[in-house]
Amino acid sequence: MAVTALVGAQWGDEGKGKVIDILAEKSDMVVRAQGGNNAGHTVVAGGVTYKLHLIPSGILYKNTICVIGNGTVIDPAVVLEEMESLSSRGVDLSRLKIDARAHVIFPYHIALDGLSEDARGKADIGTTKKGIGPCYMDKAERIGIRMCDLIQPDVFAEKLKRNVSLKNNIITKLYGGEPLDCDKILADYNEYAKKLASFVCDTSVLVYNAVKQGKNVLFEGAQGALLDLDVGTYPYVTSSHPVSGGFCVGAGVGPTLIKDVLGIAKSYTTRVGKGPFPTELDDEVGNFIREQGFEYGTTTGRPRRCGWLDAVILRFAVRVNGLTGIALNKLDTLTGLKKLKICVAYEKNGQKVYDFPSDISELADCKPVYEEYDGWTEDITKAKSVKDLPKAAVAYLRAIEKLIDCPIKMVGVGPDRTQNFML
Ligand code: IMP
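Residues numbered from 1 in each chain as written. Predicted model: local features only at pLDDT ≥ 70, side-chain atom pairs only at ≥ 80, totals over all residues. Heavy atoms only, no water.

1. Quick word on the sheet that holds strand β1 (residues 3-8)
Thought 1: Spatially, β9-β7-β5-β2-β10-β1-β11-β15-β19-β20 is the arrangement adopted by the 10 strands of the open sheet, whose pairing is mixed. With partners counted over all chains shown, the strands left at the sheet margins are β9 (200-201) and β20 (420-422), one partner each.
Thought 2: Bridge analysis of strand β15 (residues 325-329) against strand β19 (residues 408-412) gives 3 bridges, and the strand direction is parallel. When the bridges of β19 are listed, A327 appears paired with M410.
Thought 3: With respect to the sheet, helix α12 (residues 391-404) is in contact with β15 and β19, its orientation differing from that of β19 by roughly 140°. (Pairing = 2+ DSSP bridges. Helix = DSSP H or I, 4+ residues; strand = E, 2+ residues; numbered from the N terminus. Contact = heavy atoms within 4.5 Å. Axes fitted to C-alpha atoms, helices over the stretch in contact; angles between N-to-C directions.)

Dropping the structure here:
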């Protein structure tokens, strides 16, 4: 597999965790390069359930080096909780590496995430309120505190005091909120720093050397293409770059090092949070998909909005990520629906639109143009190859490949890692 990047091709929650888990087994290194604990996936290994938000699930394989790269934002309390839960179950953490340049999430980021969302009222983004956006804001403003600062007590104390004073002004004067106690944050974070210091290093060097030595390196994406800060459905996006280009900046390596880019998609579409969603189904089919597919958030528990597969979105994902293949998950969720629809284009003012609009305000005038396909009723959860699928399911897969001009390389027919096969 050499160097493979794995990205979400829709609005996140495409079942990346399972595919990552499958590929991680063959990987010498798994690298997370953007986002923070807004992401989350559950991995079941050896009958034990692990809920991971920041640490790559590759940590469950004995020899895999797991990197949290410079482009991520780290809530130390969360990462330490994950580390404790892993080590209490006998997982060796010496293979975990955290980049010195990764930015740190503080209580003021979390407070401001909530306060600014509340202040937006009906125009809120529907963030996870984990402090992700405010942390990236500090990074862009160049007042952020990085892991390398956190582990140097004097440097840290000075930067923290400056920031808490600034943020308390915003919290109290702008939002009428309660000020935060700087001494408490300092004491808590000094404790976190002691526990994390030995994991902090320059991971860009590690990743580069692994690639140069011909190791199998897997870049693990969080969220999805439509949540990308630049090319996604702005402003209803996250604050980092879930597209494949984000790996280069967020892991500190150049684009020529990445060979394959696999986009993970569900065989339908879901979205959490606010923002337009052309194929959303606010009816019994939407409810059917939500219940059959257990479409409730791992991080927030929110019910996900569900809708038909949107080929306009997948074509966008193929383009902005340079996808070399798709892993299509949850085909089994559609079992039992008599007819399936795929959105092949949008119709706007009588014209067909084939490319996802760059300005989401245009989506208000876009109606999905659907093609209809036969459904199937056979249980496909035990399918081990395409030969085990009903004809209608194969026709559905082939139609998708044609519509998006990208091969489907892997199909998921159930939550277990064995319920997956190569196409
Ligand atoms: P934030 O990343 O918490 O700032 O949230 C911004 C937007 O991204 C919101 O619509 C969230 O619901 C969405 N989001 C963030 N992380 C994920 C994820 O892992 N899966 C799906 N949506 C996400």
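2. Notes on the environment of D21
Thought 1: Along the polypeptide, D21 turns up in helix α1 (residues 16-24).
Thought 2: Between the C-alpha atoms of D21 and R417, which are 396 residues apart in sequence, the distance is 7.6 Å.
Thought 3: Apart from the residues within four sequence positions on either side, D21 is in contact with V43, S57, Y61 and R417.

3. Remarks on α12
Every α-helical turn comprises 3.6 residues, leaving residues that sit three or four positions apart pointing alike.
Thought 1: Taking 1.5 Å per residue, 14 residues should reach 20 Å; α12 reaches 20 Å between its end C-alpha atoms and fits that length.
Thought 2: Taken together, the buried positions of α12 are A392, A393, Y396, L397, A399, I400, E401, L403 and I404.
Thought 3: Those residues of α12 that are buried are in contact with β14 (309-310), α11 (311-321), β15, β16 (339-348), β18 (367-374) and β19. (Expected span 1.5 Å × (residues − 1). Buried < 20%, exposed > 50% of the residue type's maximum accessible area, 1.4 Å probe, protein only.)

4. Here we look at the pattern of salt bridges
Thought 1: This structure, assessed with the given rule, holds 20 salt bridges.
Thought 2: Sharing partners across several salt bridges, the network here consists of D13, K266, E295, R304 and K330. (Salt bridge = Lys/Arg side-chain N within 4 Å of Asp/Glu carboxyl O.)

5. Quick notes on the site of the ligand
Thought 1: In the vicinity of the ligand there are 15 residues, among which D13, N38, T128, T238 and R302 approach most closely.
Thought 2: A distance of 3.3 Å is found between an oxygen atom of the ligand and a backbone nitrogen or oxygen belonging to G126.
Thought 3: In the environment of the ligand, an oxygen atom lies 2.5 Å from a nitrogen or oxygen atom belonging to the side chain of T128.
Thought 4: In isolation the ligand offers 460 Å² of accessible surface; the protein chains occlude 96% of this area.
Thought 5: Looking at the shell around the ligand residue by residue, the classes come out as 6 nonpolar, 7 polar and 2 charged. (Near = heavy atom within 4 Å. Polar contact = N/O pair within 3.5 Å; in protein donor to acceptor, adjacent residues only side chain to side chain. Areas by Shrake-Rupley, 256 points an atom, 1.4 Å probe, with all protein chains shown as cover. Nonpolar A, V, L, I, M, F, W, Y, C, P; charged D, E, K, R; others polar.)

6. What to know about the nonpolar core
Thought 1: In terms of nonpolar packing, the biggest core is built from 78 residues, with F219, L331 and Y396 touching the most fellow members.
Thought 2: Looking at this core element by element, the count peaks at 8 residues for α12.
Thought 3: Excluding its chain neighbours within four sequence positions, the residues that come into contact with F219 are V3, T4, A5, L6, V31, V207, F247, A251, V253 and I258. (Core = buried A, V, L, I, M, F, W, Y, C linked by side-chain atoms within 4.5 Å.)

7. Things to note about helix α7 (residues 182-196)
Thought 1: If you check α7, its first and last C-alpha atoms are 20 Å apart, about what 15 residues at 1.5 Å a residue would give, namely 21 Å.
Thought 2: Inspection of α7 places C182, I185, L186, Y189, Y192, A193 and L196 among the buried residues, and these make up the whole buried set. For α7, the angular spread of the buried residues around the axis is 130°, confining them to a single face. Facing away from the buried surface of α7 by more than 90 degrees, the exposed residues are D183 and K194.
Thought 3: For α7, the N-terminal capping position is held by D181, with its side-chain oxygen 3.1 Å away from the main-chain nitrogen of D183. (Arc of directions from axis to C-beta.)

Note that every value here comes from positions in space, so none of it alone points to a role or purpose.
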